Amino acid sequence: MYEIDSRLAEREAAGRPIAVGVVGAGQMGTEIVTQIGEMRGMDARVVVDLDFDRAVAGYASSRKQAEVVCTNDFAEATCAIAAGKRVATSDFHLATRMPAIEAVVDATGQVEMGACVSLDAFDHKKHVVMMNVECDVTIGPILRRMARNAGVVYSWAAGDEPAAIMELYRFANALGFEIVAAGKGKNNPLNLYATPDTERAKAEARRMSARMLCEFVDGSKTAVEMAAVSNATGLVPDIRGMHGARAMVPELARVFVPREDSGVLQRRGVVDFAIGVHPGVFLIVRTDNVRIREGLVQRDMGDGPYYTLYRPFHLCSIEVPLTVAQCVLYGESSGHAAAGLVSECIAVSKRPLAAGEVLDGIGEYCYRGSIDTAAVARAERLLPLGLAKGCRLTVDVPVDTAITYDMVELTRETVLLQLRRIQDQLYA
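Residues numbered from 1 in each chain as written. Predicted model: local features only at pLDDT ≥ 70, side-chain atom pairs only at ≥ 80, totals over all residues. Heavy atoms only, no water.

Can you lay out the nonpolar core for me, pointing to particular residues and giving the numbers?
Membership of the largest hydrophobic core comes to 66 residues, with the highest contact counts inside it found for L283, L359, Y367 and I403. Every residue in contact with L359, bar those within four places of it in the chain, is listed here: L353, C366, Y367, L383, A388, K389, G390, C391, L393, I403 and V408. Residues V22, M39, A44 and V320 belong to the second largest nonpolar core, which totals 29 residues. (Core = buried A, V, L, I, M, F, W, Y, C linked by side-chain atoms within 4.5 Å. Buried < 20%, exposed > 50% of the residue type's maximum accessible area, 1.4 Å probe, protein only. Contact = heavy atoms within 4.5 Å.)

Describe in detail the packing of helix α8 (residues 161-175) against helix α11 (residues 220-233), supporting the description with residues and values.
Any two packed helices are characterised by the angle at which their axes cross and by the distance between the axes. It is the contact of α8 with α11, at a shortest axis distance of 9 Å, that shows an interaxial angle of 35 degrees. For the pair α8 and α11, the crossing hand works out as right-handed. Facing E161, P162, I165, M166 and Y169 of α8, the residues of α11 in contact are E225, M226, A228, V229, A232 and T233. Classifying every residue of the contact of α8 with α11 gives 8 nonpolar, 1 polar and 2 charged. (Axes fitted to C-alpha atoms, helices over the stretch in contact; angles between N-to-C directions. Helix = DSSP H or I, 4+ residues; strand = E, 2+ residues; numbered from the N terminus. Left-handed = near helix turned anticlockwise from the far one by under 90°. Nonpolar A, V, L, I, M, F, W, Y, C, P; charged D, E, K, R; others polar.)

Help me get a handle on a nonpolar patch on the surface, residues and values and all.
On the surface, a nonpolar cluster with roughly 250 Å² of combined accessible area is contributed by F313, L315 and I318. Structurally, F313 can be placed in the loop between β13 (306-311) and α14 (320-330). (Patch = residues over 30% accessible without salt bridge, like charges linked within 9 Å, V, L, I, M, F, W, Y side chains within 5 Å. Areas by Shrake-Rupley, 256 points an atom, 1.4 Å probe, with all protein chains shown as cover. Salt bridge = Lys/Arg side-chain N within 4 Å of Asp/Glu carboxyl O.)

Quick one: what's the story with the packing of helix α6 (residues 111-123) against helix α16 (residues 415-426), residue by residue and with numbers?
Two elements in contact, α6 and α16, have axes whose closest approach is 8 Å; the angle formed by their N-to-C orientations is 75 degrees. Looking at the two axes, α6 sits roughly perpendicular to α16. Contacts between α6 and α16 involve V111, E112, A115, C116 and L119 from the first element and V415, L416 and L419 from the second. Across the contact of α6 with α16, the residue classes break down as 7 nonpolar, no polar and 1 charged. (Parallel < 35°, antiparallel > 145°, perpendicular 65-115°, else oblique.)

An account of the pairing of strand β2 (residues 42-48) is requested, with residue identities and associated values reported.
Along β2, 7 of the 7 residues are buried, which leaves the element largely enclosed by surrounding structure. Of the pairings in the sheet, the one linking strand β1 (residues 18-23) to β2 comprises 6 bridges and is parallel in character. Pairing of A19 across the sheet is with D43, part of β2. In this view, the connection linking β1 to its parallel neighbour β2 by way of helix α2 (residues 27-36) has right-handed handedness. (Pairing = 2+ DSSP bridges. Right-handed = clockwise from strand over helix to strand, strands pointing away.)

Provide a residue-level description of the packing of aromatic side chains, including the pertinent values.
Counted under the stated rule, the structure contains 2 aromatic pairs. Seen in terms of ring centroids, F122 and Y154 are 6.4 Å apart; in terms of plane orientation they differ by 80 degrees. Their pairing is edge-to-face. Linking F122 in helix α6 with Y154 in strand β7 (residues 154-156), this pair joins segments that are 32 residues apart in sequence. A relative accessible area of 0% places Y154 in the buried class. Note on F256 and F282: the rings are 5.4 Å apart at their centroids and 45 degrees apart in plane angle, and the pair reads as tilted. With a gap of 26 residues between them, F256 in the loop between α12 (252-255) and β11 (270-275) and F282 in strand β12 (residues 281-286) connect regions that are remote in the sequence. Like F256, the residue F282 is buried in the burial classification. Taking NZ or CZ as reference, R7 lies 5.0 Å from the ring centre of Y330, over its face. Here the basic side chain of R311 rests over the ring of F313, its NZ or CZ set 4.3 Å away from the ring centre. (Phe/Tyr/Trp six-rings, centres within 6.5 Å; stacked < 30°, edge-to-face > 60°. Lys NZ or Arg CZ within 6 Å of the ring centre and 35° of its normal.)

I'd love a proper account of empty space enclosed by the protein, names of residues and values included.
Across all of its chains, the model carries 1 cavity of 30 Å³ or more by this definition. Its boundaries defined by the atoms lining it, the largest cavity holds a volume of some 40 Å³. As for the largest cavity, its lining consists of V33, I36, G37, D43, A44, Y59, S62, K64 and R86. Mapped by element, the contributors of at least two residues to the lining of the largest cavity are α2 and β2. By residue class, the composition of the lining of the largest cavity is 4 nonpolar, 2 polar and 3 charged. (1 Å grid on protein atoms, 1.4 Å probe; cavity = no way out; pocket = protein on both sides within 12 Å on 5 of 7 lines; lining within 4 Å. Points joined across faces, edges and corners; volume = space filled by probe spheres on them.)

Please provide a residue-by-residue account of helix α13 (residues 290-298), values included.
Sitting at the head of α13, N289 places a side-chain oxygen 2.9 Å from the backbone nitrogen of R291. Positive phi appears at D300, one or two residues downstream of α13, with a value of about 60 degrees. (Polar contact = N/O pair within 3.5 Å; in protein donor to acceptor, adjacent residues only side chain to side chain.)

Give me the lowdown on α11, citing residues and values where you can.
Helix length check: α11, at 14 residues, gives a terminal C-alpha distance of 20 Å against a target of 20 Å (1.5 Å per residue), a fit within 8%. Counting buried residues in α11 gives 14 out of 14 residues, a clear majority hidden from the surface. Just downstream of α11 lies G234, where phi reads positive at about 90 degrees. (Expected span 1.5 Å × (residues − 1).)

Below is the structure:
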């Protein structure tokens, strides 16, 4: 890892901590602000939420206590920051436009909001750390391109599984290993037909949103995260929806390998997930070099030719400040989409849907997320998961059907939809 600790200590000693704006004061946003409060050389100066009380509460657990000013007025907020105070606001523009702020974290989970926050942040030369992976798999390539044109960094967030996988990928790729498979463990039981109602009691016990838990349980989050990895690395889903094979850590290098070697894969170079591994992320790598394989035997990695690289933790929002530092101090990302989409996250009906119904959001009642290659999605005109909310069905749709553009009327013109159209034209 970079000398982030030393560089942050230098910023602290110089009285120039990295000033951060956090958009979204839910569980994740509040944890980010709290963790920044434990660190030298970084300070959360603006917290944004539609609810002022939640924005104020976002600061409550931070060790770095200061007066919190509630305002949507730019001049008042600027004066408050200059006086060493904190700002709580319901207007995200205070985070994206204030001169003191160097980086903005989107912790909203709302695809359209991620588009709006990013666009305004780039326009005002702010780095963007995107926890909103649903937004990234929809318009990540165009956001990355716009950030580079603005001279700032667009990055996934450390702690999320895509960035944790990317850490392993960069390690193995730099060393020249062949990447056979990249994957994550499935932390929650898989129920493709889950709804917020089926998950409500569990969600309340865990003090989280039933919709958010449903997104994990119905497989949408897994599809989103592995599509992000695919778009960054060029690895592809082996089949629609991936295999999701059962395997514990010692079995990974026997399961996520080609069929000719008694695994489940039809090819090398895939993204997938394992049921039975949790928490953590993994890479299956290969080498045919006899000398390297002898060395790996001596390091208790097995006889090969397949080897498992396993990261047994990902700390979600607690790690996010490391990406903020990476962006500001080194001008690099923890992971990002490359040019164009390699995989597409698609919407698949959870129940029979009727013509005239308006599709709800990810993790709700109408559809779940799945994954296929972008080439297949283009050929079959599959509706991207991130564009589904608010679309009106023009035909009846049976359960377990991939929804297409031809089955819906798209929602009203939005920033998200416009950016997606530009992206499709640029990377066709």
